[in-house]
Amino acid sequence: CPWINNCVGFYNRKFFIQLLAYVYLSLTVVWTTSVWELGSRIYWLSQRPASSDVMFVLRTTSLTIAFCLTTLLLGALTNFIRFHVRLVVDNYTTIENLEREEDAKSKF
């Protein structure tokens, strides 16, 4: 796995799944707080449409970018986690999954 600079095998699979879960939880917290903050900013702008405060606009822009990136990462990580949980359920490591034949069952 290039993100952790190590091969994910039988003995460190638990830690890899934990890493995925913690990253997913962190992204979920960022996404949830971003939605809440963006909602309040949109409501505030609807009440005062002539606002031209530079810092407010910069913070709203950075918050919108963070929200978009978090949404993209959550979408990609959801599929990545689903794949690796399926491997855990089937009792395969990533390397064994790449080397196995179609519809083969685990030896263990």
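Check the entry above for the structure.
Described below are features of the structure shown in this document. Treat the numbers as computed from the prediction; the structure is a model and nothing was measured.

Criteria and cut-off values
Residues numbered from 1 in each chain as written. Predicted model: local features only at pLDDT ≥ 70, side-chain atom pairs only at ≥ 80, totals over all residues. Heavy atoms only, no water. Patch = residues over 30% accessible without salt bridge, like charges linked within 9 Å, V, L, I, M, F, W, Y side chains within 5 Å. Areas by Shrake-Rupley, 256 points an atom, 1.4 Å probe, with all protein chains shown as cover. Salt bridge = Lys/Arg side-chain N within 4 Å of Asp/Glu carboxyl O. Helix = DSSP H or I, 4+ residues; strand = E, 2+ residues; numbered from the N terminus. Buried < 20%, exposed > 50% of the residue type's maximum accessible area, 1.4 Å probe, protein only. Phe/Tyr/Trp six-rings, centres within 6.5 Å; stacked < 30°, edge-to-face > 60°. Expected span 1.5 Å × (residues − 1). Contact = heavy atoms within 4.5 Å.

1. Topic: a nonpolar patch on the surface
Part 1: Taken together, the side chains of Val54, Met55 and Leu58 define a hydrophobic patch exposed on the protein surface, amounting to about 300 Å² of accessible area.
Part 2: Within the secondary structure, Val54 sits in helix H2 (residues 54-89).
Part 3: Look at Val54 and you get exposed, because its relative accessible area is 57%.

2. Digging into the packing of aromatic side chains
Part 1: Inspection of every chain in the model, using the stated rule, returns two aromatic pairs.
Part 2: With centroids separated by 6.1 Å and ring planes inclined at 80°, the aromatic side chains of Phe16 and Phe80 adopt a geometry described as edge-to-face. Here Phe16, found in helix H1 (residues 13-47), pairs with Phe80, found in helix H2; they are 64 residues apart in sequence, far enough to count as distant.
Part 3: Exposure remark for Phe16: the relative accessible area of 5% places this residue in the buried category.
Part 4: For Phe80, a relative accessible area of 25% translates into the label partly exposed.

3. Section: H1
Part 1: Between its first and last C-alpha, H1 extends 51 Å over 35 residues, near the 51 Å set by a 1.5 Å rise per residue.
Part 2: Along H1, the positions that sit buried rather than exposed are Arg13, Phe16, Leu20, Leu27, Ser34, Leu38 and Arg41.
Part 3: Packing partners of the buried residues in H1 comprise H2.

4. Quick word on H2
Part 1: The end-to-end C-alpha separation of H2 is 52 Å, in line with the 52 Å expected for 36 residues at 1.5 Å each.
Part 2: Residues of H2 that are buried include every one of Phe56, Thr60, Leu63, Thr70, Leu74, Leu77, Ile81, His84 and Leu87, and no others.
Part 3: Among the structural elements, H1 and helix H3 (94-99) are those in contact with the buried residues of H2.
Part 4: Positive phi shows up at Asn91, right after H2, with a value of about 60°.

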